[in-house]
Structures are given as C-alpha cells and as structure tokens.
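# Examining the three-dimensional arrangement
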Amino acid sequence: MADSLKNFRSICKKIIAVGRNYSEHASELGNTVPTKPIIFMKPTTAFVTEPNDIRIPADWDELHHEVEFGVIIDKQCQNVSKEEAEASIGGYCLALDMTERNLQNELKDQGLPWLLSKGFDTSCPCGDFIPKEKISLSSSVNLWLNVNGNRKQSGHTRDMIFSVPDLIAYISKYITLEHGDLILTGTPAGVGPVRRGDLIEAGMEGEHDLKYLMKFNVA
Ligand SMILES: CC(=O)CC(=O)C(=O)O
Ligand SMILES: [Mg+2]
C-alpha cells in the first residue's frame, strides 16, 4: 500500500460516483434499475472531514443523506478487466453523497447534469483511509446511517447491482483511474432529508471486526 493514500483526499483528482446501484434505492425514488452503471462526478472541493460541518447552501431545503462505500484507487488503470480490477485498489472509506433532491429532480426532468445538486462544497463527507487488506471484496460490508439517533439507512454491499470489480472495469474503459481517485459505489435504500442542526452518524461493519464510525453536524 502506498503511504500517500492515508491522505488520499489531498491527492485525489477525481471523485467518481455511481447512481442507482441498489435496486431498492432505485425503486424508492421511482427510477428504473439500470442495465449499465450510471456515472457522475463530484469536484474534490466537495470533501469535508470530521469535525467540520456539512453546510447546506442558504437557498436549499431538501438536502438528502446517502451513505456509500468508497473505493480508493492505488495503481493507475485504463481498460482493466474485472479480474484485473482488484489489483488497482489501494483501500476503502466510508462516505456520504449529500444530494439536494429538489434541484436534482428539477435538473433530471430537464435532462440537465446533476453536478450542482451533488457537487457543492461539503457534499462529500468522508472518513479515514481503510487499507485494502482490511476488507475482502468477497465479503459483504454493512453500511448504515442514523439521523439524530434514528436509523434511516442500512444495506449490504453484496446487494450492489454492479460489484466493485464491475465498476472499475466499466469506468476504466472510458476514464483513466489514477492514484488517489475515489469511487462512490451508490447508496442503499432509506435516503431522506436532513435539516440544519441535525446530527448524522454513519457506520460500516464487516468481517474480522471491521467497524468504522463517523459523525457530522449539519449547518
Ligand atoms: C438518484 C441518485 O441520487 C443516485 C445516487 O447517487 C445513488 O447513490 O444511487
Ligand atoms: Mg449516491
């Protein structure tokens, strides 16, 4: 593992996110289940780390939480196969894909890009680097999220429509993945609004006592 990945946020060039990768989440928003991955990007200025706040822009009032499993690239790769994909991974992290749902729906209805609704400053709260050795891709990780102590989301990475190797193979066909890049792999069901003053707690649990928690206030 390259040591520089501990600070992946400072070297990350691209945050590539995947949409509708859990069928229950696609259905809860009335979307069809995709037959190939839906890809979008967030700027790296979207990163925010504890103990800083998620800041809702003044004129927005329907900010949704989306807890996601993050994959951090170590080795640059282009057009890799599913079988080769795992070798390009350096580690993982817990992340949120904060989304202004009203704006996203408005943009979607007009066939316009989602960027602003998902790429504003602090839209990518993110936890510490978790080395690749800590999580086996053949196991399933449980992702969960609470708002003010109430469970809102819980899902398992085994329920992704497109697996992590599928996603790396698909994305790298078109976009070179570079050292430090982050892939957000989509959110399970249960997304919903947060308000200023709310506390978001999120966690990830898996084999071999993997346990990771993070919390953010919404301001
Ligand atoms: C409908 C969405 O916002 C797509 C998305 O980001 C997801 O995680 O799914
Ligand atoms: Mg998402």
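Residues numbered from 1 in each chain as written. Chains lettered and ligands numbered in written order. Predicted model: local features only at pLDDT ≥ 70, side-chain atom pairs only at ≥ 80, totals over all residues. Heavy atoms only, no water.

## A closer look at the coordination of the magnesium ion (ligand 2)
- Surrounding the magnesium ion (ligand 2) are the protein donor atoms Glu 66 (OE), Glu 68 (OE) and Asp 97 (OD), at 2.0 to 2.1 Å.
- Binding-site remark: the magnesium ion (ligand 2) is held by donors from one chain whose sequence spacing is E-x1-E-x28-D. The exposure classification of Glu 66 matches that of Glu 68, with both residues buried. (Donors = N, O, S within 2.8 Å, 3.2 Å for Na, K, Ca; no water. Buried < 20%, exposed > 50% of the residue type's maximum accessible area, 1.4 Å probe, protein only.)

## Some thoughts on the pattern of salt bridges
- Taken as a whole and judged by the stated rule, the model has nine salt bridges.
- A salt bridge links Lys 14 to Asp 181; the nearest nitrogen and oxygen atoms lie 2.8 Å apart. Of this pair, Lys 14 sits in the loop between helix H1 (8–11) and strand E1 (15–19) while Asp 181 is found in the loop between helix H6 (164–174) and strand E12 (182–184), placing the two residues 167 residues apart along the sequence.
- With a shortest N-O distance of 3.4 Å, Lys 82 and Asp 166 are connected by a salt bridge. (Salt bridge = Lys/Arg side-chain N within 4 Å of Asp/Glu carboxyl O. Helix = DSSP H or I, 4+ residues; strand = E, 2+ residues; numbered from the N terminus.)

## Some details on the UniProt feature "domain: Fumarylacetoacetase-like C-terminal" (unreviewed entry) in the protein chain
- Per the UniProt entry, the sites bearing "domain: Fumarylacetoacetase-like C-terminal" (unreviewed entry) are residues 14–206 in this numbering.
- Here residues 14–206 is 18% helix and 33% strand, with 27 Å between the C-alpha atoms at its ends. (UniProt positions renumbered as here; feature names shortened; annotations may be inferred.)

## Some remarks on the side chain of Glu 66
- Note that Glu 66 resides in the loop between strand E4 (63–65) and strand E5 (67–73).
- A residue is classified by how much of its surface remains accessible, and Glu 66, at 3% relative accessible area, is buried.
- Within the structure, Glu 66 has its side chain in polar contact with the side chain of Thr 99 (distance 3.5 Å).
- Of note is the side chain of Glu 66, whose polar atom sits 3.4 Å from the side chain of Lys 118.
- Among residues more than four places away in sequence, those in contact with Glu 66 are His 25, Ala 95, Leu 96, Asp 97, Thr 99, Arg 101, Lys 118, Gln 153, Thr 187 and Val 191. (Polar contact = N/O pair within 3.5 Å; in protein donor to acceptor, adjacent residues only side chain to side chain. Contact = heavy atoms within 4.5 Å.)

## A short note on the confidence of the model for the protein chain
- Across the protein chain, the average pLDDT comes to 96, with 99% of residues at 70 or higher.
- Prediction confidence for the complex, expressed as pTM and ipTM, is 0.97 and 0.98 respectively. (pLDDT = per-residue confidence, 0-100.)

## Here we look at the site of ligand 1
- Around ligand 1, 14 residues are found, and the nearest of them are Arg 20, Glu 66, Glu 68, Asp 97 and Lys 118.
- Measuring from an oxygen atom of ligand 1, one finds a backbone N or O atom of Arg 20 at 2.7 Å.
- Glu 66 places a side-chain nitrogen or oxygen 2.9 Å from an oxygen atom of ligand 1.
- Burial of ligand 1 by the surrounding chains reaches 100%, relative to a free accessible area of 280 Å².
- Taking a 2 Å distance to the grid points as the criterion, the majority of the atoms of ligand 1 fall inside the largest cavity.
- Looking at the shell around ligand 1, the elements that each hand over two or more residues are E1 and helix H4 (101–109).
- Classifying every residue of the shell around ligand 1 gives three nonpolar, five polar and six charged. (Near = heavy atom within 4 Å. Areas by Shrake-Rupley, 256 points an atom, 1.4 Å probe, with all protein chains shown as cover. 1 Å grid on protein atoms, 1.4 Å probe; cavity = no way out; pocket = protein on both sides within 12 Å on 5 of 7 lines; lining within 4 Å. Sits in = over half its atoms within 2 Å of the grid points. Nonpolar A, V, L, I, M, F, W, Y, C, P; charged D, E, K, R; others polar.)

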